Number of protein chains: 2
Amino acid sequence: MATEKRVTAAALVIGNEILSGRTVDANLSYLGRRLNELGIQMREARVVADDEGAIVEAVNTLRSNYDYLFTTGGIGPTHDDISSACIAKAFGVSLVRHPDAERAIAEFTQANGRELTEARLKMADVADGASLIVNEVSAAPGFRIENVFVMAGIPKIMQAMFEAVADDLVGGAVMSSRTVTTFIPEGVLAPTLTTLQNEYADMDVGSYPFFEDGKPGVNVVLRGPEEAKLDEAVATLGERLDALGEDATRG
Amino acid sequence: MATEKRVTAAALVIGNEILSGRTVDANLSYLGRRLNELGIQMREARVVADDEGAIVEAVNTLRSNYDYLFTTGGIGPTHDDISSACIAKAFGVSLVRHPDAERAIAEFTQANGRELTEARLKMADVADGASLIVNEVSAAPGFRIENVFVMAGIPKIMQAMFEAVADDLVGGAVMSSRTVTTFIPEGVLAPTLTTLQNEYADMDVGSYPFFEDGKPGVNVVLRGPEEAKLDEAVATLGERLDALGEDATRG
C-alpha cells in the first residue's frame, strides 16, 4: 500500500494539426513518462482544436479534476495561437504583457539579429498573475497560473519548458514497473493475469499484446510503488508462465 | 463557402499504457487523416485510463457532442480490457455474447490450432443491439452501436477495423489542403498570415513552426473545401512571401 498521497495530472494538447492527422503528437508520451518518474500519474489527456470555447471548457474541467494540468501548443506569434488568451479567459483574468517576457524576447531577437516585431511581442502576453516558464531554446516563455502549466507545442521547446519546472512539481509515491514479455497468447494467459491482479490489488497488472514477425506476443507490465513487491510478483508470474509450458521469454 | 453539411467526429483512446507514456499512441493521427479524407472533421480526442467511470463519462459526452465517436483499445481478452462492458453501460444496455462473433473467434482459433478459451470468447461480448465490425487480422471483432465505433488498440487491427466501416460513414465537404514551407520566421510572417486568414474566412490558415538543422521554418497549411480557392490563396501567399524578400522555399 502506498503511504504517500496519489498526485494526478492531465494534459491538454491544443491544435488543429493534431486532430487533422497532419502532425503526430509527440508530447503526450514525454509528459506521461516524465510525470510518472516524478510520482505524478497522468490520468487523462485531451486534444482540442484552436477554438476558444473548446479550450476554455477543457482547461476549466481538467484543472479542477486533477492536481496539475499541462497544456501544449498555441502560444506562438501567429493568428492561430490563441492558447494564452484562452487560459486568461478560463481563469477570468486579463491577458497582460509580462515585462520579463518582453525583455527575454527583445534580448533574444537582438542577439539573433532579428526584428522585434509586434507578433514576437505577443508571445510576452500571459494570464494576469502568472509566473513565467523559462524557454532556453527560443526565449519566448511559457507560464504557470495556479496548477496550470502553459507550454509550447514544438517538442524540443515543450521538453525544455517542462524540465524548467520539473523541480517545482510535488509528486507522490513513484510508481515503478516491470515488464514481462511472453509469446503465450493473451487468450491463454488471461486467467493467470486475472489471478495475479487479484493477489496484488495494490499493483496495476497491464496486458499489452503486440505482433512481432506476425507472431502474437504480450508485454505484461506490473506497476506499483514497492520494488520488492514487484520483484516478488515477477517471480510468481514467471513460475506460472513456465507452468503454462509455452515459449515464454521474460525480460 | 462549403455547401455541404459539416460532419464531425471525436476519438477516445482507452488505456493506462498511453497515459503512462509506455506506449506511444499511433491511432489518433491515422483516424484524423482518414476521417479528413472522408469529409469528416475530428474535432476532439481524449485519452482515458482503464477506468469504468472515466470511460463511461467520456463516451456519453463525446457521442452526444459529435456525429461520430471512434474508440480504440480495451477490447481484448484480459482483465484490463473493460471497454465493451463500459460502452454497454454508457448506453444503458446489457453486455451480450454475439453469436456471429463467437463463431468467427471459434473458427479462427481452430484454424490456428489454438484453444477456444473463455478469455477468447469474452471478445464476442458486445453492447446489446450492436452490429459487428469485421477484424480481418485476428477475427475478434469490434462493434458499432448507434454513432459509436468500438475498435481495437493495436494499430494494425484498428486500421483494418476502420477500413471495414469506412464505406458506411457519411461525410460532408472534403477539406483539401496546401502546404507552403518558408524559412521566414513566424514572428515576421505573422501579419501576412493574419491578413490572408481575414481575406479567406472560409479557409483555415494554420502556421506550424519547425526547426531544421537549428534553423526555424514554418509550414503554412491552408485547408478548405474548394481547390481553386486554395490555389488562388497559395499564389497570393507566394507573392507576399517574395515581397518579404527572405529565403522562402515553397512546396
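Residues numbered from 1 in each chain as written. Chains lettered and ligands numbered in written order. Predicted model: local features only at pLDDT ≥ 70, side-chain atom pairs only at ≥ 80, totals over all residues. Heavy atoms only, no water.

Examining the packing of helix α3 (residues 52-65) of chain B against helix α4 (residues 83-91) of chain B
All names here are of chain B. Where α3 meets α4, the axes come as close as 9 Å, and the angle between the chain directions of the two elements is 55°. As judged from the angle between their axes, α3 and α4 are oblique. The two elements α3 and α4 cross, and the hand of that crossing is right-handed. Facing α3, whose interface residues are Glu 52, Ile 55, Val 56, Val 59, Asn 60 and Arg 63, α4 presents Cys 86, Ile 87, Lys 89, Ala 90 and Phe 91. (Axes fitted to C-alpha atoms, helices over the stretch in contact; angles between N-to-C directions. Helix = DSSP H or I, 4+ residues; strand = E, 2+ residues; numbered from the N terminus. Parallel < 35°, antiparallel > 145°, perpendicular 65-115°, else oblique. Left-handed = near helix turned anticlockwise from the far one by under 90°. Contact = heavy atoms within 4.5 Å.)

A look at the interface of chain A and chain B
The interface is formed by 53 residues belonging to chain A together with 53 residues belonging to chain B. Roughly 4500 Å² is buried in total at the junction of chain A and chain B, and carbon and sulfur atoms are behind 59% of that figure. Where chain A meets chain B, there are 2 salt bridges. B:Asp51 is the partner of A:Arg43 in a salt bridge, and the nearest nitrogen-oxygen pair spans 3.9 Å. Joining chain A to chain B, the criterion identifies 14 residue pairs in polar contact (both at pLDDT 80 or more). Counting residues per element, the ones that place at least two in the side of chain A that touches chain B are α1 (16-19), α2 (27-37), β2 (40-48), α6 (118-122), α8 (186-199), β10 (204-212) and β11 (215-224) of chain A. A per-element tally of the side of chain A that touches chain B places β10(A) first, with 8 residues. Here β2(A) pairs with strand β2 (residues 40-48) of chain B via 5 bridges, running antiparallel. When the bridges of β2(B) are listed, A:Glu44 appears paired with B:Val48. (Buried area = accessible area lost by both parts, 1.4 Å probe. Salt bridge = Lys/Arg side-chain N within 4 Å of Asp/Glu carboxyl O. Polar contact = N/O pair within 3.5 Å; in protein donor to acceptor, adjacent residues only side chain to side chain. Pairing = 2+ DSSP bridges.)

Structural notes on the side chain of A:Glu44
Following the sequence through the fold, A:Glu44 ends up in strand β2. Within the structure, A:Glu44 has its side chain in polar contact with the side chain of A:Arg46 (distance 2.7 Å). If we skip the residues at most four places from it in the chain, A:Glu44 touches A:Ala9, A:Ala10, A:Ala11, A:Leu62, A:Tyr66, B:Leu19, B:Arg46, B:Val47 and B:Val48.

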